[in-house]
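Below are the chains, spelled out letter by letter.
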Amino acid sequence: MFKRGVIVAGACLLVAMGGVGLAQARDYISIVGSSTVYPFATVVAEKFGRISSFKTPAIEATGSGGGLKLFCGGVGVQYPDITNSSRRIKASEVKNCNDNGVKQIVEIKIGYDGIVLANSKKTVPLNISRKELFLALAKNIPDPKGSEMVIPNPYKTWHDINPALPDNAIEVLGPPPTSGTRDAFMELVMEDGGKEFPWIKALGKKDKNAFKQICHSMREDGAFIEAGENDNLIVQKLEVNPKAFGIFGFSYLDQNSDKLQGTLVDGEEPTFEAIADGKYPVSRPLFFYVKKAHVGMIPGIKEFLNEFTSEKAWGDEGYLTDKGLIPMPKAERVKFRNDAGSLNNLSL
Amino acid sequence: MSDIDMDKTNKTIDTVKRGLARRYAAERRFRLFGLIAIVISLSFLVLLFGTVISKGYSAFQQTFVQLEVTFDRAMIDRDNPANSDFGGLVKAAMGREFPEVSGRKDKRKLNGLVSTGAVYQLQDMVSTDPGLIGTTNLVWVPADDDVDMLMKGHAKRTGAESDRRLDDQQLAWIGKWEQEGKIRKQFNRAFFTSGDSREPELAGIWGAFVGTILTLALTLALSFPIGISASIYLEEFAPRNRFVDLVEVNINNLAAVPSIVFGLLGLAVFINFFHLPRSSPLVGGLVLTLMTLPTIIIASRASLQSVPPSIREAALGIGASKMQMVNHHVLPLALPGMLTGTIIGMARALGETAPLLMIGMVAFIVDIPDSFVTPATALPVQIFLWADSPERAFVERTSAAILVLLAFLVVMNSLAVILRNRFERRW
Amino acid sequence: MRPVKKYGSEHRGTVGVITSENPRMTCRNVNVYYGDKHAILDVSIDIGRNEVIAMIGPSGCGKSTFLRCLNRMNDTIDSCRVTGEIFLDDQNIYDKKIDVVPLRAQVGMVFQKPNPFPKSIYDNVAYGPKIHGLVQNKVEQDEVVETSLKKAGLWEEVKDRLAHPGTGLSGGQQQRLCIARTIAVNPEVILMDEPCSALDPIATAKIEELIDELRAHYTIAIVTHSMQQAARVSQRTAYFHLGDLIEVGETKQIFTNPSHRLTEDYITGRFG
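Described in the following lines is the structure provided in the data block.

Rules used throughout
Residues numbered from 1 in each chain as written. Chains lettered and ligands numbered in written order. Predicted model: local features only at pLDDT ≥ 70, side-chain atom pairs only at ≥ 80, totals over all residues. Heavy atoms only, no water. Pairing = 2+ DSSP bridges. Helix = DSSP H or I, 4+ residues; strand = E, 2+ residues; numbered from the N terminus. Axes fitted to C-alpha atoms, helices over the stretch in contact; angles between N-to-C directions. Disulfide = S-S within 2.5 Å. Buried < 20%, exposed > 50% of the residue type's maximum accessible area, 1.4 Å probe, protein only. Contact = heavy atoms within 4.5 Å. Right-handed = clockwise from strand over helix to strand, strands pointing away. Arc of directions from axis to C-beta. 1 Å grid on protein atoms, 1.4 Å probe; cavity = no way out; pocket = protein on both sides within 12 Å on 5 of 7 lines; lining within 4 Å. Points joined across faces, edges and corners; volume = space filled by probe spheres on them. Nonpolar A, V, L, I, M, F, W, Y, C, P; charged D, E, K, R; others polar. Polar contact = N/O pair within 3.5 Å; in protein donor to acceptor, adjacent residues only side chain to side chain. Salt bridge = Lys/Arg side-chain N within 4 Å of Asp/Glu carboxyl O.

Some thoughts on the sheet that holds strand β3 (residues 183-187) of chain B
Residue and element names in this part refer to chain B.
Here comes step 1: Taken together, 3 strands build an open sheet; the order of strands is β2-β1-β3 and the sheet is antiparallel. Edge positions in the sheet fall to β2 (136-142) and β3, since each of these pairs with one other strand and no more. Shown here is a sheet whose adjacent strand axes are inclined to one another by a mean of 40°, direction ignored.
Here comes step 2: The pairing of strand β1 (residues 61-70) with β2 spans 7 bridges and is antiparallel. In the strand pairing of β2, glutamine 66 is matched with tryptophan 140.

A few points about the state of the cysteines
Here comes step 1: Scanning the model with the defined rule gives 1 disulfide over all chains in all.
Here comes step 2: Through a disulfide, cysteine 72 of chain A is tied to cysteine 97 of chain A; the S-S separation comes to 1.9 Å. What sets the handedness of the cysteine 72 of chain A and cysteine 97 of chain A disulfide is the S-S torsion sign, and at about -75° it is left-handed. Taken together, the residues span a long stretch of sequence, with cysteine 72 of chain A in the loop between α3 (64-71) and β3 (82-85) and cysteine 97 of chain A in helix α4 (residues 91-99) at a distance of 25 residues.
Here comes step 3: A relative accessible area of 1% means that cysteine 72 of chain A is categorised as buried.
Here comes step 4: According to the relative accessible area criterion, cysteine 97 of chain A is buried, its value standing at 0%.
Here comes step 5: Summary of cysteine pairing: cysteine 61 of chain C is not part of a disulfide, and the nearest cysteine sulfur, belonging to cysteine 69 of chain C, is at 13 Å.
Here comes step 6: With no disulfide of its own, cysteine 178 of chain C lies 12 Å from the sulfur of cysteine 196 of chain C, the closest cysteine sulfur.
Here comes step 7: Owing to a relative accessible area of 2%, cysteine 178 of chain C belongs among the buried residues under this scheme.

Here we look at the pairing of strand β4 (residues 105-120) of chain A
Residues and elements named next belong to chain A.
Here comes step 1: Among the 16 residues in β4, 16 count as buried, and that is most of the element.
Here comes step 2: As paired strands, β4 and strand β13 (residues 283-291) are joined by 9 bridges and run antiparallel to one another. Pairing of lysine 109 across the sheet is with phenylalanine 287, part of β13.
Here comes step 3: Relative to strand β11 (residues 260-262), β4 runs antiparallel, the two sharing 3 bridges. Paired with alanine 118 across the bridge in β11 is glycine 262.

Details of the arrangement of the chains
Here comes step 1: Contacts are most numerous, across the 2 pairs of chains in contact, for chains A and B.
Here comes step 2: At no point do chain A and chain C touch; the closest pair of C-alpha atoms across them sits 17 Å apart.

Here we look at the pairing of strand β8 (residues 189-193) of chain C
Residues and elements named next belong to chain C.
Here comes step 1: Counting buried residues along β8, 5 of its 5 residues qualify, which places the element largely inside the surrounding structure.
Here comes step 2: The two faces of β8 match: Val189, Leu191 and Asp193 on one face and Ile190 and Met192 on the other face are all buried.
Here comes step 3: Taken together, β8, helix α8 (residues 201-214) and strand β9 (residues 219-223) constitute a β-α-β crossover, and its handedness is right-handed.

Considering helix α13 (residues 301-308) of chain A
Here comes step 1: For α13 of chain A, every residue scored as buried is listed here: Ile301, Phe304, Leu305, Glu307 and Phe308 of chain A. Down the axis of α13 of chain A, the buried set is contained in an arc of 160°. They therefore lie on one face.

Here's the deal with empty space enclosed by the protein
Residue and element names in this part refer to chain B.
Here comes step 1: Applying the stated rule across the entire model yields 7 cavities of 30 Å³ or more.
Here comes step 2: By volume, the largest cavity is sized at about 150 Å³.
Here comes step 3: Around the largest cavity, the lining is made up of 14 residues, and of these Asp146, Met149, Ala155, Arg165 and Arg392 lie nearest the centre.
Here comes step 4: Here the residues of the lining of the largest cavity are counted per class, giving 5 nonpolar, 1 polar and 8 charged.

Brief notes about the side chain of histidine 294 of chain A
Residue and element names in this part refer to chain A.
Here comes step 1: With respect to the secondary-structure elements, histidine 294 resides in the loop between β13 and α13.
Here comes step 2: Residue classification places histidine 294 among the buried residues on the basis of a relative accessible area of 0%.
Here comes step 3: Here histidine 294 is in contact with Arg26, Val75, Gly76, Tyr79, Pro80, Asp81 and Ile301, once residues within four sequence places are set aside.

Details of the side chain of glutamine 175 of chain C
Residues and elements named next belong to chain C.
Here comes step 1: Tracing the sequence through the fold places glutamine 175 in helix α7 (residues 171-183).
Here comes step 2: At 2.9 Å, the side chain of glutamine 175 forms a polar contact with the backbone oxygen of proline 195.
Here comes step 3: When residues no more than four places from it in sequence are discounted, the contact partners of glutamine 175 are Val110, Phe111, Gln112, Lys113, Pro114, Pro195, Leu199 and Ile207.

Focus: the pattern of salt bridges
Here comes step 1: By the definition in use, this model includes 53 salt bridges over all chains.
Here comes step 2: The salt bridge involving aspartate 81 of chain A is made with arginine 26 of chain A; its shortest N-O contact spans 3.0 Å. Of this pair, aspartate 81 of chain A sits in the loop between α3 and β3 while arginine 26 of chain A sits in the loop between α1 (2-23) and β1 (30-33), placing them 55 residues apart in sequence.
Here comes step 3: We classify aspartate 81 of chain A as buried; its relative accessible area is 0%.
Here comes step 4: Of the residues examined, arginine 26 of chain A reaches a relative accessible area of 10% and is grouped as buried.
Here comes step 5: Lysine 138 of chain C is paired through a salt bridge with aspartate 142 of chain C; the nearest N and O atoms lie 3.0 Å apart. In this pair, lysine 138 of chain C and aspartate 142 of chain C both sit in helix α5 (residues 138-151), 4 residues apart, roughly one turn of the helix.
Here comes step 6: For aspartate 142 of chain C, a relative accessible area of 31% translates into the label partly exposed.
Here comes step 7: Residues joined in a network through salt bridges with shared partners are Glu311, Asp316, Lys330 and Arg333 of chain A.

All quantities given are derived from atomic positions and should not be read as evidence of function.
As C-alpha cells, then:
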C-alpha cells in the first residue's frame, strides 16, 4: 500500500515535469485585467473560440492595476498577452513595462461604461447633482458657513442637503477601494463634485494631496457602505431596502431594469443613449492593451483583435452592446480598428 | 448491627437521596441543551439545503424552441463549415416562423429570443452529418436566457413594459409558440457537458468539474504519500531534538496559515521561478498539496500515536526491524485514521478558491481541460464567477453548481468511509 | 546531568552465588539510567543454560527494567542509557558491532499483557520465521507453525481455526500464542515479563506447566509478582530491591532460608 503510494507519487511528479516541457509553448491567449472589461472580453473570447480554429482565450479578472502589473512582467509565455483596463495606462506603468522588456504596446479603446447610482423601483427616482452627491458621501465637507475649512459631514438625510430631495436617511452601497468602479466614481463624481467649491478647485491646482484627502475620503459613519466586489449582492440588498442606493456599472442596471431604476445625475438619466453620446456625466472609457512581441508567438492574437474590433462585436448593434457595452462613435471605432490591424504602438 | 450504626446508615442514604434529584436534573438539563443544539444546527442545514435546492433545481431544465431549419446549400460551405452562415439559417427559420415581422429593430428583437447557441448547434449537426445539407428539419434549439427565465416563472409577464426584459411584442411571439407547442422545457444536458459560457443557457460545469478532478487527483497523489511518509518519519524515526521540535511547531503553524498565503507562495515559486504554466491544474495541485500537507501530517501522526505500544513491542521483541514494524504492523492499524485525515484535507482543498486566485485559476475558461497544463478552473471558482455575473439566469445556475459541488463532496466522503471500513481491522 | 551517586562497596555485595556453572548469559556491573534516574545499580548475575531463573521483588524494584536489558528492548526508550556488560555466550550484546535485530531473534520476549498481532493465528506464528528468512516455502512454514503451536500447547485448541484472528482467543490462549510466536524463531533465551499477571488461575497453571516443559530446550528468565509462581517454576531466584540485586540463590534456599534481611522481610510478607 505504502510502496504503491510512493510509486504513484513518483509517476505524478514525472508527468508534472513532462508538463513543464510542454509549458514552453502556449497555444491559447492569456488575458488578465479589469473586472469591468471582463464581461465584454469573455463574450468576445467565447465567440472567438467557438467560430475560429484557435483555442478559447483564458481570461482572469485581476483588476486594472493588477492586470497591468502582470502584463508588464516581461515577454514570454508565462506572461499574459493582453490586459484589460477600465482606465488608461499610466506613464509609470509604461515605464515599468519598458524596463521589463515590454517595449511595444498596442492600445485599443473598446467603448464606454456608465457608472450609475440606482435604487429600487418601489420608490421615486432621485434627481441629484454631483455636488450634492459629494456633500452626501464625503467624509469631510466644506463648512456651509462659507469659510475655507472642512467639517465632519453633518448630513443625515438627503433632505438636509437639498430640501427638494426626500427625507430619507443617506444610505449608499458602493464598491471597495480595490475596484476600478470605485476609482472612476471618485474621479468623475467626488472630484468633480468637490470642484464645485471654488476654493477646493484652487486647492486641486495647488496641493494635489490635500485635494485628494478631501475628495477621496468616503464617509465611515454608515452613510456609505462598502459592499464588496460582488455587484449582484448590492442589487439584492437594494431590493430589500428601497431607501438605499447602490453604485455599480451600467450593465447591472441594464440586466435588472425590472427591479432597479437609475438616479438622474445632473438631470441626465443613465440610459444607453445618454451614455453613448456623452450626455450622462459619469462614464469612462474602457481599454485593452496588447503585447506586440507576443503577436506571432502565441497563435490567434491578430485574429482575436480582428473579432473584437469588428462591427458585429463592438458596433452600434453588436453583440457587446447586448451585454451593456456602450459603443464609441463610428470614427473612433475606425481609428482603433486600424490601430489593431496595423498593431500601432501606444503613444501617451 | 447496633441502633447507632443503623442511624448513621439511614442518614447517609437520606443525604444521597436529597442530592439525587439535583444530580438527575443536571443530567436532564444537559440532554436538553444537547438536543436544542442538534435541532438548531439541523434546521440551519435544512434552511441551507432548502434555499440552494429551491433556487437551483430549475437550472437542470432548459427552455427549447422548435425551429424548422432549412439547411440551405447556398449558405453552407461543405468543406469549411466554419465559413458557413449558420446565423443566417437561424434567422431564416425565425423569419419563416413569423413572416409578418419586418424592420431591422423588430427582427433583432425576434432573433434575440433564441440563444446564440443555436448557431453552434446547427454547425455541430452539419459537421457530424453532412447529409443534412439541402434538407429541411425540425430542430429544438435552446431559447435565450430571458425567455428561459420567463418560462420558469423567474421573470414576470405583466407590469409596465419598461420594467421587463421582454416587451409585449416578444411576449406575443412566445405566446404563439406556447399555443403551437413549439416551446418546451427539457433536461439541460449542456449544463453537465459543456464548459463555462457568458450565455447562461450555454454555460455548463463540466469544464470546472474536470479541472477539479485533475487538480484534486494531483493533490491526492502528492500529498498522501508525502504526508504519510513525513508523519511516519517524524513519529517513528526522527530523533527527539530541538530541530525536530522546530519542524513540528512549524507544521502545526502551517495548518493554520490562511490559504491565500499558499497561493502567493505558489505564484512566487511555481509560476515565477519554475515557470510552470499559469492557470493550470498542475500548479493548482501543487499549491493545494502544500495546503493540505500539514492537515494530513497532523492527522496521520495522531493516528500513529494511537496505535498501542504493545504492538510495536511485540514486533520488535520478535526481531522485526523498525521499518518492518512500521510497515507490517503500525501502518495497517494507523491507515484508517490517516485516510480520514486525508479526506478532511482533500475536502478542504475541494472548497478552496483563495489560493487559486493568485495562480490564475479564477478565470473565464471555456475549453474543457485535457491535461495538467491546459488552463482550468475549479468548481468553487465556477460558483464564485457565476455568482458575480450580471445575467439573472446565472442565479439558478450558481445554486445548481453548488448542488453539484455538494454531491461531489458526498461522493468523496462516502468513498472515504468505504475505504476506511475496508482497511479497518475489526479484531 | 547530575553526577550519579556512588554507593560504597559495603552496600554493593549481592548475597548468594551470582555465577552459574554453565552460563548462557553473563551480566556484569549493569547500570541503567532513565535520564537522571539511576534505575539499576551495578547488577551482576549469570543466567544458566536450560534453567528457569525468577526475578522477584516489590513494584518498582527494577526487575522488569533489568529483564528488558537482556534483549536490548530498553533501546526503544529514548532517555534510557545502559552501562556495563551483558554477554550472550561469548558476545557482549552491548557491543557497538552487535545488531539488535538478530539479537532479538536469539533472545525472545513474552510480555506482561498478551499482545498478539491483529492478524490470523497462523500469521502470528509465521511472522517471525518469515521476516528472518528461516523458512523457504509454504510446507516448511506450515511445519514451523505447527511445531511451535504444539510446543506452546495450543495446537489442539486452534488447529481448526488457524485463519481466525489471534485477538479472538481467550487471554490465556493469547499468551500461549505469544509464546508460540516467540519460540517459532527458535531463540536461545526466552524472557518473560510477568506473563501471567493478566490471566486467571487456570490459564496461569497452563502457562506454568508450559514453562516447565520449555526448560528442556530454552533458557528462561521470568519476572513475576507472585512468589508462589517463582517457587513453582524456577530453579534459581533473584531478589531485587530499589534497583539493587539483593540476593541470588537456589529457589528452595531463597524461600526457605533467605540470607538477607530484606529478602526475608519480602518473603514473609512484611512488605511488597
